[in-house]
Amino acid sequence: MKNYPNMGQRKIIAALIASVVAQQAIAQQKNDEIPEVVVTAQKRSESASRTPLALTAMTAEDLTNRGISNASDLTNVTPNVQIGTADGGNTNIYIRGIGSNNTTEAGDPAAAFHLDGVYLARPDEARAAFFDISRVEVLRGPQGTLYGRNATAGAVNVITAKPEDTFGGKFSFEVGSYRERRAEGMLNIPVNDMLALRVAVMGEHHDNYVGNSTTNNSQNTVAGRVHALLKIAQGNTLLLSADRTQLNGPDNPGVPLPLAASKGSAGQYNTDSLAADDRATYSGVSAEWNYDIGATTFTYLGAHRTKSKEHSALDVGSFGNSASGSTNDTSQNSHEFRLSSNGTGLWKWVGGLYLFKESQEAWSTFGNGVLVSYTPNFESKSRAAFGQATYSLTDAIRLTAGLRSTRDEKHSHDATSTFNFGTPVVSLTNADKSWSNTDGKLGIDYEISKGTMLYSTYTTAYKAGGFNGSNAAANLPVTYYSPEKLRALEAGVKTKFWGNKGQFNASAFHYDYKDLQVGTIVSVGQGAGSSVVNNAASATINGAEADVKVKVSADGRFDASLAYTDAKYDNFNNCVYEPTNEVKDCSGNSLRNAPKATLALGYEHQVSLENGATVVLRADTRFSAKYYNDDTNSALFAQGGYRKSDISARYNSPDYKWYTMVYVRNLENRNILASRYPAVVGRSYGYTAPPRTMGVSVGTSF
């Protein structure tokens, strides 16, 4: 006799079926929504759409689909951001017209670059970060309270992938133009319930994008990273990390300015560099301890990082075939102690102490020994106390206030520079200087409806001062320049619409910028030059930006960003046109790397195949208005308006265990002046973004 379910059992079965169908419908709805990205921009985890500041957050999938493999690529996907790689691999980051081209041992960037929360002081260290990434956060606007000095422009946070509880791995290999070969691998090992390991490696080889007569005109990179996550107890974790990156081969030699052509290989050739070689090693260890003690969490983040770099070149210039070279050895230690609130009460707060110390030894020679510089010990120190709190007046209105008190010190002892113009002239630099500053933040945000937030902030930030070494050949004593300071007003909106299928963010800002630190090259005779930093009087920056993401269908997504910036010097009557060393009045001129307008458009479409596999097609294009790479706004250092486009197609297997992707980047083959180095020996040189490249990559995961 068959046992049929009774009425009660049938109701239970029907309810279970309805539940499964409802969950499938919810899952389908979720797939149609724009995914939320959790960020730590304010030193605590929160969704990007509920963080009251202008930021762009990209997941690992975003980075892969849009071909982002280094810091410079962020220019293509972030409004009001210009990033270029210059001499020596230095990464120059400009956000809303604010940045720094002073890459000497005495210089500081204006945008803070962090790897897993650790501040990287030297601009070239950004080259070591981009593999096995979890997400990237680009914060636009001054971050003086939580991030401190050298964040007047904003901050870039690269967060690497951490150990997980399940065993797995992945591997990818890419081949492409300019003999590109790139391989990445990762293995995640849960050793036991308390310990998990994650090991990641990367290797890359490619020819230089700039052609010259150098016989060894290729670059090689090998990098590795290890994370060990120890779960000591519930709410008590310790993350230990170590990484090392080694780069061999010549840096980009730059191209003579003005560019010989706006498109094609003619604008990517340098006959002045006869031979070059570069070697750089970056390494670091860090420890992050998080301890949940109930109402608060204690965090300690400590790191030790080192850099060793060598450069040699043989160039054509005023001295004939001119040999030059340099070395730089850097060591930095940082410690951050934080307490932050837990829970969802009326108060959310974070506070802490920060300690930083950097030591450098640098040597350089130029023009067959015409100029020799040696800095045996350049030391920077910084210490700060900071705090920021948010109070919920109502369920919809929140007030935020923060303060940071900072003291910076810089020391240089027994630094020498020798000019050999027949009779050697030796300059000696001994300098000690300190600065103190207090920055603050006031803000209000108002959730006018579910998924829509208005916010407004007033923030200040500062960048530490410094000094220029003495120069007896040019009769220049040791000179000091002051900190630069920024006051900013900003208002914005973040909203979700169309059933969370769309996200829209917009902001407008006004900056009052004082004592800008402007680096330039001045002639010391015989075709040689010396780097000098001075304070420009003031500048005003006004602008607005907006970005939108829309799931136009279950298979299609459209995204766009628009930015407008009006960045002008108010009063700067002693700037220098470097090729002729002519002093000019630059009042009213545009700041460097600040295009009036940029527009980025992108579309991604997923095609489902009968076998369960998918093909993801993507196209992006970016328009930029004209901008300048110097303060005099000269035609020599100008980048005209341009359009740059990328396309890609990716095949994902039915089980998503492997993929293959083909791509073409910079379809127009535009030569884009991303940064530059002024050479008073004969010519000035620019550093261009990569030309047209194409390639294919394959990857697997398990």
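Analysis parameters
Residue numbers here run from 1 along each chain, matching the order of that chain's written sequence. Where local features are concerned, this predicted model is filtered to residues with pLDDT of at least 70; where side-chain atom pairs are given and counted, the filter is 80 or more; whole-chain, interface and lining totals use all residues. Based on all heavy atoms of the structure, the side-chain values leave hydrogens and waters out of the count. What is meant by a nonpolar core is a set of buried Ala, Val, Leu, Ile, Met, Phe, Trp, Tyr and Cys residues, joined one to another through side-chain atoms within 4.5 Å. Each residue gets one of three labels from its accessible area relative to the maximum for its type: buried under 20%, exposed over 50%, partly exposed in between, using a 1.4 Å probe on protein chains only. Going along the chain from the N terminus, every DSSP run of H or I of four or more residues is numbered as a helix, and every run of E of two or more is numbered as a strand. Between two residues, a contact is recorded if the distance between any of their heavy atoms is within 4.5 Å. Like charges within 9 Å and nonpolar side chains (Val, Leu, Ile, Met, Phe, Trp, Tyr) within 5 Å are joined into patches, using only residues over 30% in relative accessible area that form no salt bridge. Working definition of accessibility: Shrake-Rupley area with a 1.4 Å probe, residue cover restricted to the visible protein chains. Basic side-chain nitrogens of Lys or Arg form a salt bridge, by our definition, when they fall within 4 Å of a carboxyl oxygen of Asp or Glu. Site definitions follow a grid-based scheme: protein atoms alone, a 1 Å grid, a 1.4 Å probe that fits but cannot get out for cavities, and for pockets an open set with protein on both sides within 12 Å along at least five of seven lines, plus lining residues having an atom within 4 Å of a point. Grid points are joined across faces, edges and corners, and a volume is the space filled by probe spheres set on the points. As a working rule, the residues Ala, Val, Leu, Ile, Met, Phe, Trp, Tyr, Cys and Pro are called nonpolar, Asp, Glu, Lys and Arg charged, and the rest polar, with Gly in that last group.

(A) Quick look at the nonpolar core. Within the largest apolar cluster, 42 residues are counted, with the highest numbers of intra-cluster contacts made by Leu 74, Phe 113, Phe 130, Val 136 and Val 158. Residue contributions to this core peak at 5 residues, all from strand β27 (residues 502–525). Sequence-distant contacts of Val 136, defined by excluding residues within four places in its chain, comprise Thr 56, Ala 57, Met 58, Leu 63, Leu 74, Phe 130, Val 156, Asn 157 and Val 158. Within the second largest apolar cluster, 20 residues are counted, among which are Ala 41, Leu 55, Ala 57 and Ala 112.

(B) Up close: unusual backbone geometry. Cis rather than trans, the peptide bond between Leu 257 and Pro 258 has omega equal to 0°. Relative to the helices and strands, Pro 258 resides in the loop between β15 (255–256) and β16 (273–292). At Asn 633, a residue that is not glycine, the phi angle is positive and equals roughly 55°. Turning to its location among the elements, Asn 633 is positioned in the loop between β34 (627–628) and β35 (638–639).

(C) Geometry of a nonpolar patch on the surface. Nonpolar side chains collect at one region of the surface, where Ile 232, Trp 289, Tyr 291, Ile 293, Leu 339, Leu 346, Trp 347 and Trp 349 lie side by side and expose about 740 Å² of accessible area between them. For the nonpolar patch, the secondary-structure elements that each account for two or more residues are β16 and β19 (347–366). Structurally, Tyr 291 is set in strand β16. For Tyr 291, a relative accessible area of 33% corresponds to the partly exposed category.

(D) Inspection of the pattern of salt bridges at higher detail. Using the criterion set out here, one finds 44 salt bridges in the structure. For the salt bridge of Arg 66 with Asp 559, the shortest nitrogen-to-oxygen distance reads 3.9 Å. With Arg 66 in the loop between α2 (60–65) and β4 (81–85) and Asp 559 in strand β29 (residues 556–571), the pair connects residues that are 493 residues apart, well separated along the chain. For Arg 305, the salt bridge goes to Glu 125, with nearest N and O atoms at 3.6 Å. You can see Arg 305 sitting in strand β17 (residues 296–317) and its partner Glu 125 sitting in the loop between β7 (118–119) and β8 (133–140), a full 180 residues away along the chain. Judged on exposure class, the residue Arg 305 and its partner Glu 125 are both buried. Through salt bridges with shared partners, one network takes in Arg 66, Arg 557, Asp 559, Glu 604, Arg 618 and Asp 620.

(E) A look at empty space enclosed by the protein. In the structure shown here, the tally under the stated rule is 17 cavities of 30 Å³ or more. Lining the largest cavity are 30 residues, with Thr 56, Ala 57, Asn 505, Asp 547 and Lys 549 sitting closest to its centre. Its residues assigned to classes, the lining of the largest cavity comprises 12 nonpolar, 8 polar and 10 charged. By volume, the second largest cavity amounts to about 220 Å³. Forming the boundary of the second largest cavity are 21 residues, of which His 114, Tyr 119, Tyr 147, Tyr 354 and Arg 404 lie nearest the centre. Every element with two or more residues in the lining of the second largest cavity is listed here: β6 (111–115), β7, β17, β18 (320–341), β20 (371–392) and β21 (397–421).

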